[in-house]
Amino acid sequence: MKKDIKLKAFTFMCSALLLLSGCKDESYPNIIFNDGEGGFSLTELDLDVNTNIPVISRNNNDVDVSDYQVRIVNQATGKPVSNTTIWKYRDMPEVVTLPVGKYRVEVESYDWTDLYAEWEKPHYTGKYDFEVKAGQITKADKVPCNLNNVKVTVQYTDALKNILDDDAKTSVVAMHQQNEDGRQVQLDFGRDETRAGYFRYVEGSNTMVSTLHYTYNNVTNDVYHTITGVSPGQHRIIVYDYVTSDPNGTVSRGDIKIDVKVYSVDVDGTISVKEGLLDDSDRPGHEDVAGPDDPQNPSDPEDAGIDIVNPNAEGKAPYFDLNKVNDVKKEETTGREYKLTINSGKGFQSIKVIIKSHDKGLTPELLEGINLSDEFDLATGLSKDGKDLTEALTGFGFPLKDEVTGANVKKIDFNITQFVPLLCIYPGDHSFVLTVTDKDGNSKQAELKFRAL
């Protein structure tokens, strides 16, 4: 059964003059319209709130919609109608008089404007289009309301809880977002946290990073995982477990591995799971990554026919220069684009990338934890040891495979806009070493250098 909130009707009184000069809808004999006007009846406006994400348009008896906000906007301008206001659902008038035209009812559970990530605060929105005709009253219909932010919950298996310290927690960060103070948007889920977190969705910001922080046998560990393809209306369920090499399940230092599964429950009912075995708690030390002999001076750039364009030679966007170390701050990355253009008249055979960082930054172990590698080839989507990184690289917006090696591909944008905010989590120096090879085997190299502040 659907939850209805009944509103008391009130009567619009009209003067004798209006009765003589105006027009009226017979279903509302006491309402008189001027020429070029009609009405919209809110009496039958019903909010259909989908609280069970896998099922669309299922109303929930426990949802109190009395405080939901309702407004009317002009479809052509997208702006609120001047003679209306934002009503609470329980306070809506019976009929609103409007000029002839096309409009939209917009509904939201509350104002989310100044919020970024909140506990147990789902934000539902809905809309309904209608047309007002002269002298007639258009009746409202059902407005389906769906989750407009991203729901996240974190679970730890009992077996893992038994070996986690009391201070263990998982930090979930919405990448490419920052709050009004310039800080990253983040919620921390303790080992006993059962609440759901709700994150603002920003168009184009479809990546989250979860980090499990824990101490085991006096060794502090961070386990990273990248969540891509994030969209509004999803419920991402992050589940942590451990595996051990001992067939009897005994845990000892060095043989514990953390396993993470991320279930995605979408508004269309699709349930999927992505999983991957993550870092050992006894992490290897950082190994130096060998780079090119001289990335700024290839052996024969003229013969290569490859042009790696300096994107900021004139001090303009996109905010970095190949000829210097580029300072980046998290609060300055929003709205900025970080990319360079690579041209090759003979097409591309490969574009190999080496990510170099400091020992507390984007180490090979950290990158492996988020399904990446410190060395990979955009032509194949593979790491240096043959691991398929397609999903993670696509999530960060890199061109891959046929987008690189296609017969007609002569120009590529190497875009790291979604990657730069990740650098800012780890202050210090980072760089991307590119080795571009055309289909005749000619190569050219360049290095993009950043200093995260």
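A. Looking closely at the pattern of salt bridges. Inspection of the entire model under this criterion finds 18 salt bridges. Its salt-bridge partner being Asp67, residue Lys88 comes within 3.8 Å of it at the nearest N-O pair. Note that Lys88 is positioned in strand 6 (residues 87–88) and Asp67 in the loop between strand 4 (46–49) and strand 5 (69–74), a separation of 21 residues in sequence. Lys384 is the partner of Asp374 in a salt bridge, and the nearest nitrogen-oxygen pair spans 3.7 Å. A residue pair is termed long-range when its members are at least 10 positions apart, and Asp374 in the loop between helix 5 (364–369) and strand 26 (375–377) and Lys384 in the loop between strand 27 (382–383) and helix 6 (390–395) qualify at 10 residues. Owing to a relative accessible area of 5%, Asp374 belongs among the buried residues under this scheme. When its relative accessible area of 53% is taken as the criterion, Lys384 is described as exposed. When salt bridges with common partners are traced through the structure, they connect Asp67, Lys88, Arg90 and Asp91 into a single cluster.

B. Region of the structure containing the confidence of the model for the chain. Looking at the chain, the pLDDT average stands at 76 and 75% of residues meet or exceed 70. The low-confidence segment residues 268–304 (pLDDT under 50) makes 84 contacts with residues lying over four places distant or belonging to another chain.

C. Up close: the sheet that holds strand 11 (residues 137–139). Pairing is mixed in the open sheet, where 3 strands are placed in the order 7-3-11. Unpaired on one side and paired on the other, strand 7 (95–99) and strand 11 mark the two borders of the sheet. Within this sheet the neighbouring strands show an average axis-to-axis angle of 30 degrees, counted without direction. As defined by bridge partners, strand 3 (residues 37–41) adjoins strand 11 across 3 bridges and the pair is classed as parallel. When the bridges of strand 11 are listed, Phe40 appears paired with Thr138.

D. Main features of the side chain of Thr228. Mapped onto the elements of the fold, Thr228 is located in the loop between strand 18 (219–227) and strand 19 (235–244). For Thr228, a relative accessible area of 12% gives the class buried. Excluding residues that lie within four positions of it along the chain, Thr228 makes contacts with Asn206, Thr207, Arg236, Glu391 and Gly395.

E. Structural view of the nonpolar core. Formed by 48 residues in total, the largest nonpolar core has its most connected members in Ile342, Phe414, Ile416, Phe419, Phe432 and Leu448. Among the elements that take part in this core, strand 30 (residues 443–452) stands out by supplying 4 residues, more than any other. In this structure, Val65, Tyr68, Val70 and Tyr110 belong to the second largest nonpolar core, which totals 32 residues.

F. Main features of the sheet that holds strand 23 (residues 325–328). Read from one edge to the other, the open sheet built from 6 strands follows the order 23-30-29-25-26-27, with strand pairing classed as mixed. Of all strands in the sheet, those with a lone pairing partner are strand 23 and strand 27, marking the two edges.

G. Quick look at the pairing of strand 29 (residues 428–437). Of all the 10 residues making up strand 29, 9 are buried; the element is thus mostly covered by neighbouring parts of the structure. Pairing between strand 25 (residues 350–357) and strand 29: 8 bridges, direction antiparallel. Note that in strand 29 the partner of Ser350 across the bridge is Thr437. Sheet analysis places strand 29 next to strand 30, joined by 10 bridges and oriented antiparallel. What sits directly across from Gly428, in strand 30, is Ala452.

H. Layout of the packing of aromatic side chains. Taken as a whole and assessed by the stated rule, the structure comprises 15 aromatic pairs. Each ring, one from Phe40 and one from Phe130, has its centre 3.7 Å from the other, and the planes form 10 degrees; the classification is stacked. Placement of the pair is Phe40 in strand 3 and Phe130 in strand 10 (residues 124–132), with a sequence separation of 90 residues. Each member of the pair, Phe40 together with Phe130, is buried. With centroids separated by 5.9 Å and ring planes inclined at 55 degrees, the aromatic side chains of Tyr110 and Trp112 adopt a geometry described as tilted. We classify Tyr110 as buried; its relative accessible area is 16%. Taking relative accessible area as the criterion, Trp112 reaches 7% and is therefore assigned buried.

I. View of the side chain of Ser373. When you line up the elements, Ser373 lands in the loop between helix 5 and strand 26. Among the polar contacts made by the side chain of Ser373, one reaches the main-chain carbonyl oxygen of Glu375 at a distance of 3.1 Å. With residues near it in sequence (within four places) discarded, Ser373 still touches Ile355, Leu367, Ser383 and Leu389.

J. Fine view of the environment of Val353. Structurally, the position occupied by Val353 is in strand 25. For the pair Val353 and Ser373, spaced 20 residues apart in sequence, the C-alpha separation works out to 9.6 Å. Apart from the residues within four sequence positions on either side, Val353 is in contact with Asp374, Glu375, Phe376, Leu378, Phe414, Phe432, Val433 and Leu434.

K. Focus on the environment of Glu403. Looking at the element boundaries, Glu403 is found in helix 7 (residues 402–405). Distance from Glu403 to Ala379, taken between C-alpha atoms, is 8.0 Å for residues 24 residues apart in sequence. Setting aside chain neighbours within four positions, we find Glu403 in contact with Phe398, Val409 and Ile412. Within polar-contact distance, the side chain of Glu403 engages the backbone nitrogen of Leu400 at 2.9 Å.

What counts and what doesn't
- Residues numbered from 1 in each chain as written.
- Predicted model: local features only at pLDDT ≥ 70, side-chain atom pairs only at ≥ 80, totals over all residues.
- Heavy atoms only, no water.
- Salt bridge = Lys/Arg side-chain N within 4 Å of Asp/Glu carboxyl O.
- Helix = DSSP H or I, 4+ residues; strand = E, 2+ residues; numbered from the N terminus.
- Buried < 20%, exposed > 50% of the residue type's maximum accessible area, 1.4 Å probe, protein only.
- pLDDT = per-residue confidence, 0-100.
- Contact = heavy atoms within 4.5 Å.
- Pairing = 2+ DSSP bridges.
- Axes fitted to C-alpha atoms, helices over the stretch in contact; angles between N-to-C directions.
- Core = buried A, V, L, I, M, F, W, Y, C linked by side-chain atoms within 4.5 Å.
- Phe/Tyr/Trp six-rings, centres within 6.5 Å; stacked < 30°, edge-to-face > 60°.
- Polar contact = N/O pair within 3.5 Å; in protein donor to acceptor, adjacent residues only side chain to side chain.

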